[in-house]
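Overview (structure and organization)
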Amino acid sequence: MFTNSQAHSDTAGDVLQRADHLLQNADFAAALDCLSQEQVQRPSPELEQKILDIRLAAYAQVDWGNKPEQWPPSHDDRFAANKGLAEIERSELDCESLAAGVIGAGGLIVRGLLNEQQVDDLKTGIDNTLLARRRLSQGEGEAGDERWYSRSERIAGGPAQFGSLGAQQYSDHGSVWAADSPKMAFELTALYARLGLQHLLANYFGEPAMLSVKKWVLRKVKPNPEQQAGWHQDGRFLGAGIRTVNMWIALSECGGDAAAPGMDIVADRNKVIHQTGTHGAPFDWTVGPGLVDQITRESPALNPQFQPGDALFFDQYNLHRTGFYPHHRHYRYAVESWFFAASCAPQKQMPLLF
Ligand SMILES: O=C(O)CCC(=O)C(=O)O
Ligand SMILES: [Fe+2]
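Along each chain, numbering runs from 1 in the same order as the chain's sequence is written. Ligands are numbered from 1 and chains lettered from A, in the order in which they are written. Only residues with pLDDT of at least 70 get local features here, since the model is predicted, and only at 80 or more are side-chain atom pairs given and counted; chain-wide, interface and lining totals rely on the full set of residues. Hydrogens are left out, water is left out, and the side-chain values use all remaining heavy atoms of the structure.

1. Re the site of ligand 1
- Nearness is defined per residue: one heavy atom within 4 Å of the molecule or strand is enough. As a matter of local geometry, ligand 1 sits amid R219, H232, D234, N246, W248, M263, F314, H320, T322, R332, E336 and W338.
- Nitrogen and oxygen atoms within 3.5 Å of one another constitute a polar contact, given that in protein one can donate a hydrogen and the other can accept it, and given that sequence-neighbouring residues count only through two side-chain atoms. Here an oxygen atom of ligand 1 sits 3.0 Å away from a polar atom, N or O, in the side chain of N246.
- Between ligand 1 and H320, the relevant distance is 3.2 Å, taken from an oxygen atom to a side-chain nitrogen or oxygen of the residue.
- Isolated, ligand 1 exposes 300 Å² of accessible area, and the fraction of that covered by the protein chains is 98%.
- Helix and strand definitions here come from DSSP, where helices need a minimum of 4 consecutive H or I residues and strands a minimum of 2 consecutive E residues; each element is numbered from the N-terminal end. Among the secondary structure elements, those contributing two or more residues to the shell around ligand 1 are β6 (244-250), β10 (319-323) and β11 (332-341). Accessible surface area values rest on a Shrake-Rupley calculation with a 1.4 Å probe, where residue burial reflects the displayed protein chains alone.

2. Re the confidence of the model for the protein
- Looking at any residue, its pLDDT shows the predictor's confidence there, from 0 to 100. When pLDDT is averaged across the protein, the result is 94; 94% of the residues are at 70 or more.
- Mean pLDDT across the elements of the protein bottoms out in helix α1 (residues 2-9) (55) and peaks in β6 (99).

3. Details of helix α11 (residues 289-298)
- All of the buried residues along α11 are L291, V292, I295 and T296. The buried side chains of α11 occupy one side of the element, clustering within an arc of 130 degrees when seen end-on.
- Where α11 is buried, its residues meet β7 (262-266), β8 (301-302) and β10. Relative accessibility thresholds used throughout: buried, under 20% of the residue-type maximum; exposed, over 50%; partly exposed, between the two (1.4 Å probe, protein chains only). This arc corresponds to the set of directions leading from the helix axis out to the C-beta atoms. Every residue pair with non-hydrogen atoms within 4.5 Å of one another is taken to be in contact.

4. Describing the packing of aromatic side chains
- Between rings of Phe, Tyr and Trp, where Trp is taken as its six-membered ring, a pair exists when centres lie within 6.5 Å; planes separated by under 30 degrees are stacked, by over 60 edge-to-face, and by other angles tilted. Applying the stated criterion to the full structure yields 12 aromatic pairs.
- Look at F237 and W285: their rings are 6.1 Å apart centre to centre, the planes differ by 55 degrees, and that puts the pair in the tilted class. Of this pair, F237 sits in helix α10 (residues 235-238) while W285 sits in the loop between β7 and α11, and the two are 48 residues apart along the sequence.
- The class for F237 is partly exposed, based on a relative accessible area of 27%.
- Summarising the aromatic geometry, the rings of F314 and W338 are spaced 5.6 Å apart at their centres and angled 85 degrees between planes, so their arrangement reads as edge-to-face. In this pair, F314 is assigned in strand β9 (residues 311-314) and W338 in strand β11, connecting sequence segments 24 residues apart.
- Put simply, a charge is over a ring when the Lys NZ or the Arg CZ is close to the ring centre, within 6 Å, and near the line of the ring normal, within 35 degrees. Positioned over the ring face of Y331 is K220, at 4.8 Å from the centre of the ring.

5. Re the packing of helix α4 (residues 45-58) against helix α8 (residues 182-194)
- For every element, the axis is a line fit to its C-alpha atoms; helices are fit only across the contacting stretch, and the angle between N-to-C directions ranges from 0 to 180 degrees. Closest axis-to-axis distance for the α4/α8 pair is 9 Å, and the angle between their directions is 70 degrees. Considering their axes alone, α4 and α8 lie roughly perpendicular with respect to each other. Listed contacts from α8 to E48, Q49, I51, L52 and R55 of α4 are P182, K183, A185, F186 and T189.
- Per-class residue counts for the contact of α4 with α8 are 5 nonpolar, 2 polar and 3 charged. Should an angle fall under 35 degrees it is called roughly parallel, over 145 degrees roughly antiparallel, and 65 to 115 degrees roughly perpendicular, with every other angle called oblique. Note that Gly is not counted as nonpolar here; it falls among the polar residues with everything else outside the nonpolar set of Ala, Val, Leu, Ile, Met, Phe, Trp, Tyr, Cys and Pro and the charged set of Asp, Glu, Lys and Arg.

6. Quick word on the sheet that holds β8
- Read across the open sheet, the 3 strands follow the order β8-β7-β10; overall the sheet is antiparallel. Of all strands in the sheet, those bounded by a partner on one side alone are β8 and β10.
- By the convention used here, strands pair only if DSSP detects at least 2 bridges between them. Sheet topology note: the β7/β8 ladder contains 2 bridges and is antiparallel. Note on β8: the bridge partner recorded for I265 is L302.

7. Brief notes about the packing of helix α2 (residues 12-24) against helix α3 (residues 28-41)
- Relative to each other, α2 and α3 sit at 165 degrees, their axes nearing to 8 Å. Judged by the inter-axis angle, α2 sits roughly antiparallel to α3. With respect to the hand of their crossing, α2 and α3 are arranged in left-handed fashion. Contacts between α2 and α3 involve A12, V15, L16, R18, A19, L22 and L23 from the first element and F28, A30, A31, C34, L35 and E38 from the second.
- Tallied by class, the residues present in the contact of α2 with α3 amount to 11 nonpolar, no polar and 2 charged. A clockwise turn of the near helix away from the far one marks a right-handed crossing, whereas an anticlockwise turn of less than a right angle marks a left-handed crossing.

8. Some points on the pairing of strand β1 (residues 86-89)
- Residue alternation in β1 divides its side chains into a buried set, A86 and I88, and an unburied set, E87 and E89.
- Two strands pair when backbone bridges link them, and β1 and strand β2 (residues 108-111) are joined in this way by 4 bridges, in the parallel orientation. Opposite E87, over in β2, you have I109 as the bridge partner.
- Following the backbone out of β1, through helix α5 (residues 95-104) and into the adjacent parallel β2, one traces a crossover that is right-handed. Clockwise travel from the first strand over the helix to the second, with the strands pointing away from the viewer, marks a crossover as right-handed.

9. Notes on the side chain of E48
- Of note, E48 is situated in helix α4.
- Take E48: its relative accessible area is 2%, and that puts it in the buried class.

10. Topic: the side chain of R111
- Relative to the assigned elements, R111 resides in strand β2.
- Judged by its relative accessible area of 18%, R111 falls in the buried class.
- Among the polar contacts made by the side chain of R111, one reaches the side chain of E87 at a distance of 3.0 Å.
- At a separation of 2.7 Å, a polar atom in the side chain of R111 contacts the side chain of D310.
- Once residues lying within four places of it in the same chain are set aside, the contact partners of R111 are E87, I88, E89, R90, Q305, F306, Q307 and D310.

11. Brief notes about the environment of L98
- You can see L98 is positioned in helix α5.
- The exposure class assigned to L98 is buried, which follows from its relative accessible area of 0%.
- In the structure, L98 is positioned 103 residues away from L201 in sequence and 9.3 Å away in space, judged by C-alpha atoms.
- The residues touching L98, leaving out its near neighbours within four places in the chain, are L93, I103, L108, L200, L201, Y204 and F313.

What follows is the structure, encoded as structure tokens:
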């Protein structure tokens, strides 16, 4: 109660001063908490940007120590009798089910992780972000667009904001880094806090979990009956020695019989990185169809059906691709969040605190 009344009587200046003090003591988590509460009470674009900038700067300012020896976490292999991906309800998600699903079964579907309102808000946010990016790239930005889309000065080394191809490369669909949208980054980190993800993933990794600039992606995928996406393992790009788990959240009904593209995925328990660029592969980063045929003789390729708000957790060894099929008519929205154990987070993905 004291904190509430204090928060109400504090001016924005008081809060910023308190946060600066916490930042000087490198207490980034407390500073972010304090500023995030202020952003909920008195939203401002400047504060939203500041919060994102702190997240981006903090990783490099903390000594995250050595990798815990005890990893991956042990699990009870509760899904051993299942064929295919493990599947649970939201209420069953904890460190043990996550480990048994991702490590033991090759992937875990969590039904109903988000509710309808959360799904709708994220879809609207993805649309706003994509439209703001397109308008800004064409020099037609409207008031408020930069809240939805602007690249932090702290994000160095990524592709130029509007690319060398000019405006026409941006449309109302595609993918966009969540960290390029101060508003979406704020909403998503608030949502992850409500879901208890920091705690869940700190248990899973045995140390704090990070997000990253490059592997935290908002997606609006166009149905494309003609297209075949590339089979890949994200471990092929992420580098050796990492500890990671992806939370992919479907925001549209997709996959299976649904009218929007889901994910083709192999629930393979073997933790190996397959050869790429061979067996008829169209690209050097994809696993060729000939090799996929061999792998899927043992573990068939699945195309699970998702309802909006269902999540899929998997690691860097999982073989998957966007699943395009001729019956698709609708766009598919999703958020992809690769989380990394802090002590060995890949620098080139630009880790960020959440
Ligand atoms: O959303 C998609 O279709 C692809 C996602 C993906 O490859 C990933 O999350 O690693
Ligand atoms: Fe992927």
